[in-house]
Amino acid sequence: MATISSLFFKTPTKIQYLPKTHKTHFNTPFNLPLSYNSTPKRTGSIGAPTRIRCGLLIEPDGGKLVTLFVEESQRELKKEEGFKLPQIKLTKIDIQWVHVLSEGWASPLKGFMRESEFLQTLHFNSIRVENGSVVNMSVPIVLAIDDKNKNQIGGSTSVALVDDQNNPIAILSDIEIYKHNKEERIARTWGTTAPGLPYADEAITHAGNWLIGGNLEVIDPIKYHDGLDRFRLSPSALRDEFTRRNADAVFAFQLRNPVHNGHALLMTDTRRRLLEMGYKNPVLLLHPLGGYTKADDVPLHWRMKQHEKVLEDGILDPETTVVSIFPSPMHYAGPTEVQWHAKARINAGANFYIVGRDPAGMGHPREKRDLYDADHGKKVLSMAPGLERLNILPFRVAAYDKTKNGMAFFDPCRPQDFIFISGTKMRTLAKNKESPPDGFMCPGGWNVLVEYYDSLAQAENGRVSEPVSV
């Protein structure tokens, strides 16, 4: 019986890109012939017949994966240097961004954004790199400081970034300090300044009035010591794993919720269609978000335990699935944020990205409606600057088919046969320890959800239940 840990650690292969026949970069329809021009283009036509071949994985943004770790032999010296420099104490979310930057998820960024990078991100959702090309960058990766920090830094060109115990974890050098216009940042990232945006309330509204950018040198790899570090594979480690498995296509699926059989149907059907297109060994990157999430989301420990049960119950194939944790914090910024989620997976080696309804969305914080149009995320991804190399796979809608007693793709010709089980309904059933319709979720996975919501009830009564380590 497979466990999540068995999914990690078969030899090098080159992904060929499908040309785009429209002015978008949605993936070419699955029922097209198996031969294409191998050069990725935003517009173009089907070329002369050439069978899809194996080769190297898709290149990272900027052509090179940027990692920002200090050489092991220099780490003690850097720590000593850090104790002598002006210090900036990092929040938990700041440390998550250090993690993201250090491993190259945001390549080609070399540290927290300077003002030019910040403005390009806010206004263009992209940045122009040294060779003149454009890479996607839709979410600001910045570090806020207050007036006291700014005065303490004075004329220093470097600062130490420290944890809550004042231990240096990184050095930021060749620094630039500039104004933190919070209202503009929030408005351009979320499209609203309405109170109640979770990430804004947590990390922006009460943050300092200045931003500091510069080149980042991370002294030691970021670890959380929560029993899940072994699942936090870096882009480099993921690329090695895909190569080891002889992957000739990598399709990524991000989630911050438990996996039900509708998700599994989508992922297995995607692999089947990629095989029909001529790929020999498409590999799924099941990539739950592991950074900051809002209070009512299921915590990471419980989600990972639930994902393990999905693998144990055979809902997904361990031989063609890699489960790893994506360290980024969650913004809930809809079409703006989904570009970041897609771009980061390019750096991890994915050339196909599955996108669903209202990706990275949330309800309006003040009104009873969704904050974003449910279809805008996938539409924006199809046109986003810097994502032309990525094949977008729009979600097919799955629902519970009463005639099959299981999840199936929705058939509009017989809508009366389908039940849509919302997240709210799922949570209500789990809280009440009731079972969903057979075939909605594997029993082991559902039991984890029931256990989680039972733990919340126990916590309200003064008893706390922790998930068993996975």
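Note that the structure is predicted; figures quoted are calculated from it, not measured.

Here strand 9 (residues 282-288) lies mainly inside the structure; seven of its seven residues are buried. Direction of pairing for strand 8 (residues 249-255) relative to strand 9: parallel, over a ladder of seven bridges. Across the sheet, residue Leu255 finds its bridge partner in strand 9, namely Pro288. For the handedness criterion, the β-α-β arrangement of strand 8, helix 8 (residues 261-277) and strand 9 is classed as right-handed. Sheet topology note: the strand 9/strand 10 (residues 321-323) ladder contains three bridges and is parallel. Pairing of Leu285 across the sheet is with Val322, part of strand 10.

In this section: helix 8. The terminal C-alpha atoms of helix 8, which comprises 17 residues, lie 24 Å apart, in line with the 24 Å expected from a rise of 1.5 Å per residue. Of all the 17 residues making up helix 8, 12 are buried; the element is thus mostly covered by neighbouring parts of the structure. Within helix 8, burial applies to Asn261, Gly262, His263, Ala264, Leu266, Met267, Asp269, Thr270, Arg271, Arg273, Leu274 and Met277. Where helix 8 is buried, its residues touch strand 8, strand 9, strand 11 (352-355), strand 12 (391-394), strand 13 (398-401) and strand 14 (406-409). Just past helix 8, the residue Gly278 takes up positive phi, approximately 120°.

What follows deals with the pattern of salt bridges. Going through the model one piece at a time under the given rule, you end up with 28 salt bridges. Taking the shortest distance from any N to any O, the salt bridge between Glu76 and Lys79 comes out at 3.7 Å. A residue pair is termed a helical-turn pair when its members lie 3 or 4 positions apart in one helix, as Glu76 and Lys79 do in helix 1 (residues 75-84) at three residues. Arg114 is the salt-bridge partner of Asp174, the closest N and O atoms lying 3.5 Å from each other.

Looking now at the side chain of Asn125. Along the chain, the position of Asn125 falls in the loop between helix 3 (115-124) and strand 2 (126-128). If we ignore the near neighbours within four places in the chain, the residues touching Asn125 are Gln120, Asn136, Met137, Ser138, Thr336, Gln339 and Pro385.

Counting 81 residues, the largest nonpolar core has Phe112, Ile141, Leu161, Leu216 and Trp340 as the members making the most contacts within it. In terms of residues, this core owes the most to one element, helix 2 (residues 92-103), which gives six residues. In this view, Ile141 contacts Trp97, Leu101, Ala106, Leu109, Phe112, Met113 and Trp340; residues no more than four positions away in its chain are not counted. Ranked by size, the runner-up nonpolar core spans 27 residues in total, among them Leu228, Leu286, Leu311 and Val323.

Axes are the key here: two packed helices are described by the angle between their axes and the distance separating the axes. It is at 7 Å that the axes of helix 9 (residues 300-312) and helix 13 (residues 443-460) come closest, and there the two elements cross at 160°. It follows that helix 9 is roughly antiparallel to helix 13 by the angle criterion. The crossing of helix 9 and helix 13 is right-handed. Residues Trp302, Lys305, Gln306 and Lys309 of helix 9 touch helix 13, and the partners they reach there are Gly444, Gly445, Val448, Glu451, Tyr452 and Ser455. Of the residues contributing to the contact of helix 9 with helix 13, the split by class is three nonpolar, four polar and three charged.

The next subject is the confidence of the model for the chain. Should the pLDDT be low somewhere, the predicted coordinates at that spot are not to be read in detail. Averaged over every residue, the pLDDT of the chain is 87; residues scoring 70 or more account for 86%. Every residue in residues 1-54 scores below 50 in pLDDT, and together they form 154 contacts with partners more than four places removed in sequence or on other chains.

Let's shift gears to the sheet that holds strand 14. With respect to topology, three strands assemble into an open sheet ordered 14-13-15, the strand pairing being antiparallel. Of all the strands in the sheet, the pair left with one neighbour each is strand 14 and strand 15 (418-419). Pairing analysis gives four bridges linking strand 13 to strand 14, with the strands arranged antiparallel. Residue pairing in the sheet places Ala398 in a bridge with Phe409 of strand 14. Contacts from helix 8 reach strand 13 and strand 14, with the element oriented near 45° to strand 14.

A few words now on the sheet that holds strand 6 (residues 168-179). Read from one edge of the open sheet, five strands run 1-5-6-7-4, paired in mixed fashion. Either end of the sheet is taken by a strand with one partner, and the two such strands are strand 1 (87-89) and strand 4 (144-145). Note that strand 5 (residues 158-162) and strand 6 share five bridges and pair antiparallel. The residue bridging Leu161 from the neighbouring strand is Ala170, located in strand 6.

For the rest of this paragraph, the subject is the packing of aromatic side chains. Scanning the model with the defined rule gives 11 aromatic pairs in all. For the pair Trp105 and Phe326, a centre-to-centre distance of 5.2 Å together with 70° between the ring planes defines the contact as edge-to-face. Here Trp105, found in the loop between helix 2 and helix 3, pairs with Phe326, found in the loop between strand 10 and helix 10 (334-347); they are 221 residues apart in sequence, far enough to count as distant. Trp105 gets classed as buried once you look at its relative accessible area, which sits at 0%. Judged by relative accessible area, which is 0%, Phe326 ranks as buried. For the pair Phe118 and Tyr178, a centre-to-centre distance of 5.8 Å together with 45° between the ring planes defines the contact as tilted. Of the two residues, Phe118 is situated in helix 3 and Tyr178 in strand 6; the sequence distance between them amounts to 60 residues. Residues Phe118 and Tyr178 agree in their burial class; the two are buried.

How each quantity is defined
- Residues numbered from 1 in each chain as written.
- Predicted model: local features only at pLDDT ≥ 70, side-chain atom pairs only at ≥ 80, totals over all residues.
- Heavy atoms only, no water.
- Buried < 20%, exposed > 50% of the residue type's maximum accessible area, 1.4 Å probe, protein only.
- Helix = DSSP H or I, 4+ residues; strand = E, 2+ residues; numbered from the N terminus.
- Pairing = 2+ DSSP bridges.
- Right-handed = clockwise from strand over helix to strand, strands pointing away.
- Expected span 1.5 Å × (residues − 1).
- Contact = heavy atoms within 4.5 Å.
- Salt bridge = Lys/Arg side-chain N within 4 Å of Asp/Glu carboxyl O.
- Core = buried A, V, L, I, M, F, W, Y, C linked by side-chain atoms within 4.5 Å.
- Axes fitted to C-alpha atoms, helices over the stretch in contact; angles between N-to-C directions.
- Parallel < 35°, antiparallel > 145°, perpendicular 65-115°, else oblique.
- Left-handed = near helix turned anticlockwise from the far one by under 90°.
- Nonpolar A, V, L, I, M, F, W, Y, C, P; charged D, E, K, R; others polar.
- pLDDT = per-residue confidence, 0-100.
- Phe/Tyr/Trp six-rings, centres within 6.5 Å; stacked < 30°, edge-to-face > 60°.

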